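Tertiary structure, described
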Amino acid sequence: MSGPTVRSGDRGFRYTLVAPSIFVLLLIGVFPIVYLLMVSFQGLTMTDNDTSFQGLLNFRALLDDTRLWQSLMHTVFFTAIALPAELLLGLAMAQLFIDRMPGRQVFIALLVLPVVVAPIVSGATWSLMFDNRFGPINQILGWITGEEMAVLWTVKPHLVYPAILMAEIWQWTPFMFLLLLAALSGVDKSQLEAASIDGAGWWSTFFRIVLPAIWPVMAVAILIRGLDLFRLFDVVWALTKGGPGTMTETISIFTYVKGFQQFETSYTGAVALLIIVLLTVLLTVLLKRVSIAR
Amino acid sequence: MSDVSSLRRMAAAVRFALLPIAATGMLLGSGGASAASAAQTAVDAAKPLCAGGKTITIVWEAGLQSLDPQNFSGPMWEKLTGCKVKVVEVPASEMFTKIMQEYRAGTGAYDALNVVPAWMPDLVQAGALEPLDALVDKYKYRAELKNIAPTYRDNQMTVNGKIYGFPDDGDVFVMYYRKDIFADAALKKAFKAQFKYDLAPPKTWKQFDEIGAFLTEKLKAKGTYGASMFREAGYGNFLFQERFRNEGGRFFDGNTMKATINSPVGVKVFEGWRAENRFMPPGVEKFGFVENLATFVKGESAMTISWPPYGRFAAGYLANEKALDWVPKTTIAGKVGYALPPGGHPQLAMGFALSVASTSKQKEAAYLFIQWLNSEEISNQRVKLPYALRDPFRNSHFTNPEYLKLWPDAKNYLATLQAGSKTGLLDLSLIQTDKYEEALRQGISRLWAGEDAKKILDDIAKEWDTVTQKVGVDKQKAVYNAWAAKGGAYPK
């Protein structure tokens, strides 16, 4: 089949039209990465004037930096707990609200409110909630136990992770809920009725009809939240600043501390490149796996 | 900060209330300055530079501190010279970052700066601060600089022999204690019987432990603990530095630059802290400035150590000031005594110096503004502002007759601040100081998490050695030894 022929003048005109867009994309997409790459091979710190070429020194330092790898592991840990919890809770809530009921819209609107709160505000609020002296959580525990409670939620190692996860899951479960509610609403009712007539149980119907139907939306929700959790910063910063010690330091907090508190500009560039590579690999694998980017 | 908007709302009222007083003070030359004072010299020199309505932009700590230039000194400077003053409020924790970012960007957005003296080596090495010696001579400020209390003048003003900032805030830790409790006859008798010495403000940490535990045992039922203390890592950092050195510790081996913070002294301090928490209020591990203040002024602890504003707040000095409405109302006015912390060498924690940004496009006008702020005449008024948190730092501040009348015990308060300024210990100040302090802060938070004190200190020492290696051992050694040679580095 032969299409309309394109004259060279037309082709040039097309390129002229798209050139500004390409230029902008290069400027905001490629230039920062190239610049980042250049910086990561230098020895820049904000407090020194040394701009000398350091070769792979910063990348070698990455390998020996136990704090970096620990922060990465903390991030993975937060993601591994929070993501399934938010997914399951969101799905359960969506199932509850799938049927019509009085005041359903109002309840949904109220449930979604945490999502519109800025994460740093959410973190600050939870920090007050967990305050050992004036926080309502300790006060409620005090009422229940009948004695003054001074639980140090953000100080003691066995409490600090539950505290952060509670805040994170509280804020983002509604996001999962909203997306999954929309997905569940789109499931073909006739298939559900047919399954019911055929005697299929709830689990069977869910796994064979509902889950395949909502999977594309669920996969996107998992991806979005997974990436969000990978850059987890605000809530942890507000609650613990990565402490006790560096016990809850995430990769984002580590990068911020190195870049903006300790001014290790080039080293932070190397860390940022590492994150870009890790995320690119991870995303490529995931996108292939969930079959939504073909 | 959440209180900023409310602070600004009251700005106009305070401004108009204080301006006439301030202007009168200037005209009369309060503080005993002559007609050719440094303040007047600065005003006369600034007038032609300010012609046409220039604006001096100064970086100041956000919150109460910045009410000084916003409500008091800024409007007065504009009235006297025609130069407007724009205040860039920055939280203390971000000031270093903002100053460095602006310097690297080279925009010239900042003319004058408030800098913490411990940051000076870093800022000077980077080139962010303007050397001031030539301007000091040109505007004849050396004589008045000499009247700054020696500790601040000799230790917080110069780097490598050059002046880079004017010490402008006499931060020093003071021990506050409840005079009424320490004077209680029954308690005194019981204490003497148990410990064989008189109940009095502790001179050593051993005494502090004994008195604190004793008072908690006797008074806890009435809601008062023997002591409360900063324990949150950011504040604990300063208390550790103070106590570690009072107990004989040294941060580094001056020959090898190996960290010695993990010495037995360091372990003793960490373990002592943990033991002391048992006679302090529950949750003391999280106590920062406000939590500790609230506990003390509400009468829930008998002793604490903190910066000078605690003394003013506890005395109820201008308690009805709107800007201070976040401060818990004192229930102990008239009952507070002042002493040097155990060991007798208090930490000169933080403090501020006034500097000129090297990227400023109007360095001379900026310099004249900070000379005027820092001068005998104007600083004597500024340290009395109830809301601004600037603490006495000149010899004349400690004997200012107006200050002495502010509350009944102000004389003892000022005498204690002055004594502290004479024996005070400087914050550790090296190249990349914050990296060392960050390791210490993390160590303190690990201490409250329950980890072993020796293990934590070993890790801190390892981290310090790594930072030293990165900076360069010889380079850092030179900076450390210069710092350690200063009078306020270690107790003499």
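Throughout what follows, the structure given in this document is the object of discussion. In this text, all values refer to a predicted model and were calculated from it rather than measured experimentally. (Residues numbered from 1 in each chain as written. Chains lettered and ligands numbered in written order. Predicted model: local features only at pLDDT ≥ 70, side-chain atom pairs only at ≥ 80, totals over all residues.)

Here we look at the overall build of chain A
The condition is simple: Secondary structure counts use DSSP, requiring at least four H or I residues in a row for a helix and at least two E residues in a row for a strand, with both numbered from the N terminus. The size measure is the radius of gyration over C-alpha atoms, and the globule rule it meets is 2.2 Å times the number of residues to the 0.38 power. With C-beta atoms placed from the backbone, a residue counts as buried when 20 or more other C-beta atoms lie within 10 Å of its own, as exposed when 12 or fewer do, and as partly exposed for counts between those limits. Whether two residues are in contact depends on their C-beta atoms, placed from the backbone: they are in contact if these lie within 7 Å.
Check the secondary structure of chain A and you find 12 helices and zero strands. When its helices and strands are written in sequence order, chain A yields α-α-α-α-α-α-α-α-α-α-α-α. For 294 residues, the compact-globule estimate of 2.2 N^0.38 gives 19 Å, and chain A exceeds it by more than 25% at 25 Å. Along the first, second and third principal axes, the C-alpha set of chain A runs to 75 × 65 × 30 Å. Here chain A holds 294 residues, and 29% of them are scored as buried. A separation of at least 24 residues holds for 69% of the contacts in chain A among residues at least 6 apart in sequence.

Some thoughts on unusual backbone geometry
The omega torsion of the bond from Gly 243 of chain A to Pro 244 of chain A falls at -5°, within 30 degrees of zero and hence cis. In this fold, Pro 244 of chain A is placed in the loop between helix H10 (234-239) and helix H11 (251-261). Look at Lys 196 of chain B: it is not a glycine, yet its phi comes out positive at around 65°. Of note, Gln 432 of chain B is a non-glycine position whose phi angle comes to about 60°, a positive value. Mapped onto the fold, Gln 432 of chain B is located in the loop between strand S12 (425-426) and helix H22 (433-449). Residue Gln 432 of chain B is classed as buried on the basis of its 23 C-beta neighbours within 10 Å.

Let's talk about the sheet that holds strand S7 (residues 174-178) of chain B
Residue and element names in this part refer to chain B. Note the following rule: Two strands are said to pair when DSSP picks up at least two bridges between them. Here an axis means a line fitted to C-alpha atoms, over the contact stretch when the element is a helix, while the angle between two N-to-C directions is reported on a 0 to 180 degree scale.
One open sheet holds the three strands; their spatial order is S8-S7-S9, and the pairing between them is antiparallel. A strand with exactly one partner marks an edge of an open sheet, and here the two such strands are strand S8 (303-306) and strand S9 (336-339). Averaged over all pairs of adjacent strands, the angle between their axes in this sheet comes to 30°, without regard to strand direction. As paired strands, S7 and S8 are joined by four bridges and run antiparallel to one another. Of the residues in S8, the one forming a bridge with Tyr 177 is Met 303.

Some thoughts on the sheet that holds strand S3 (residues 112-115) of chain B
Residue and element names in this part refer to chain B. Strand order in the open sheet made by the five strands is S2-S1-S3-S11-S6, with mixed pairing throughout. The open sheet has two edge strands, strand S2 (84-90) and strand S6 (166-167), and neither has a second partner. Lying on the sheet, helix H4 (residues 67-81) is in contact with strand S1 (55-61) and S2; it crosses S2 at an angle near 155°. Set on the sheet, helix H5 (residues 92-105) makes contact with S1, S2 and S3; between it and S1 the angle comes to about 135°.

Overview of the environment of Leu 88 of chain A
All names here are of chain A. Checked against the element boundaries, Leu 88 lands in helix H3 (residues 66-97). Overall, Leu 88 belongs to the exposed group, with 12 C-beta atoms counted inside 10 Å. Spatially, the C-alpha atom of Leu 88 lies 17 Å from that of Asp 228, the residues being 140 residues apart in sequence.

Some points on the interface of chain A and chain B
Spelled out, the test is: Three classes are used: nonpolar for Ala, Val, Leu, Ile, Met, Phe, Trp, Tyr, Cys and Pro, charged for Asp, Glu, Lys and Arg, and polar for all others, with Gly counted as polar.
At the junction of the two partners, chain A supplies 18 residues and chain B supplies 19 residues. Split by residue class, the side of chain A that touches chain B holds nine nonpolar, seven polar and two charged.

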